[in-house]
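Residues per chain are reported as follows:
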Amino acid sequence: GLDAMRVPLTPAYFRAISEAHVELDPTAFLSENRKIGVTFREQIFYPLFAEDPRSFVWIYLAQGVLAGYVAATENVEDFYRRLKGYRPFLLGSLIVKAALKNPGILIKYVSSAIKLEQSFSTMPIRAEILSLGVLPRFRTAEFERNLRTSVAQSLFDKTVEIFRGQGVSQFKVMTLQENHAANRFYEKQGCRLAATTQPFGRPCNVYV
């Protein structure tokens, strides 16, 4: 049978999930440079999730290998606030390194930060899926037949279960408009399109 399981993230998988995140979402913060992007996630982003009682990450393992992941938080505004002060010297050094390689990146990040702050005031829903990804080789029809579901569906269902346990009645998720598969997936879950935005310079849909 298929040896697959859905489990909470542990430090043993910080590296694997960081590499997968950069591979699957090259538009995400500091992903312009793969090494910097992976370091940010491995040493700052996911360790903070592991310490934050209001946030969670679940991963899907197939034969012991990372197949997919979901990272979510009960309060995205508070999470980003904590992120700014978590290992600030390392975060600053990574941003400086990225800026030296691409000087225009600072303008992009400042603009994105302003747009995110504006979104907090215009959309009061604070719970959010910050990232949900499945590696390509685990999206095949054959793998999903053996699994009798999809990795994305399993992780999404777990997210709903956890949020309900936290008393969260609504949450949001943002995805690129050009990512047609992701848009279809969230629509299939019954999510409604609540807003469109361009916090990272590319059009995104926000679903609730």
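Residues numbered from 1 in each chain as written. Predicted model: local features only at pLDDT ≥ 70, side-chain atom pairs only at ≥ 80, totals over all residues. Heavy atoms only, no water.

With that out of the way, let us pick up the side chain of S150. As for its placement among the helices and strands, S150 is situated in the loop between α6 (141-147) and α7 (151-165). Only 2.9 Å separates the side chain of S150 from the backbone nitrogen of Q153, close enough to count as a polar contact. (Helix = DSSP H or I, 4+ residues; strand = E, 2+ residues; numbered from the N terminus. Polar contact = N/O pair within 3.5 Å; in protein donor to acceptor, adjacent residues only side chain to side chain.)

Turn by turn, an α-helix covers 3.6 residues, leaving residues three or four places apart pointing in a common direction. Between the first and last C-alpha of helix α2 (residues 34-51) there are 25 Å, a value that for 18 residues agrees with the 26 Å anticipated at 1.5 Å per step. At R41, α2 shows its largest kink, close to 40°. Taken together, the buried positions of α2 are occupied by I36, G37, V38, T39, F40, R41, I44, F45, Y46, P47, L48 and F49. Of the surrounding secondary structure, the elements contacted by the buried residues of α2 are α1 (14-24), β2 (55-62), β3 (65-73), α3 (76-84), α4 (88-101) and β4 (128-134). You can read the cap of α2 off the contacts: a side-chain oxygen lies 3.2 Å from the backbone nitrogen of K35, and it is on N33. (Expected span 1.5 Å × (residues − 1). Bend = angle between axes of the 7 residues up to and from the residue. Buried < 20%, exposed > 50% of the residue type's maximum accessible area, 1.4 Å probe, protein only. Contact = heavy atoms within 4.5 Å.)

Contact geometry of α1 with α2 gives a least axis separation of 8 Å together with a crossing angle of 125°. As the angle between them shows, α1 and α2 are arranged oblique. The two elements α1 and α2 cross, and the hand of that crossing is right-handed. On α2, the residues touching F14, R15, I17, S18, E19, H21 and V22 of α1 are R34, G37, V38, R41, E42, F45, Y46, P47 and A50. (Axes fitted to C-alpha atoms, helices over the stretch in contact; angles between N-to-C directions. Parallel < 35°, antiparallel > 145°, perpendicular 65-115°, else oblique. Left-handed = near helix turned anticlockwise from the far one by under 90°.)

This part covers α1. Residues F14, I17, S18, A20, H21 and V22 constitute the buried set of α1. For α1, the elements touching its buried residues are α2, β2, β3 and β4.

We now examine the side chain of S31. Secondary-structure assignment places S31 in the loop between α1 and α2. Given a relative accessible area of 6%, S31 falls into the buried group. Here the side chain of S31 touches R41 through a polar contact of 3.4 Å, side chain to side chain. With near-sequence residues (within four places) excluded, S31 lies in contact with V22, D25, P26, G37, R41 and Y109.

Moving on, we come to the nonpolar core. Looking at soluble globular proteins, one finds that nonpolar side chains tend to be buried together. Residues Y46 and V151 are the most contacted members of the largest nonpolar core, which totals 56 residues. In contact with V151, not counting residues within four places along its chain, are Y60, A67, G68, V134, F138 and F143. (Core = buried A, V, L, I, M, F, W, Y, C linked by side-chain atoms within 4.5 Å.)

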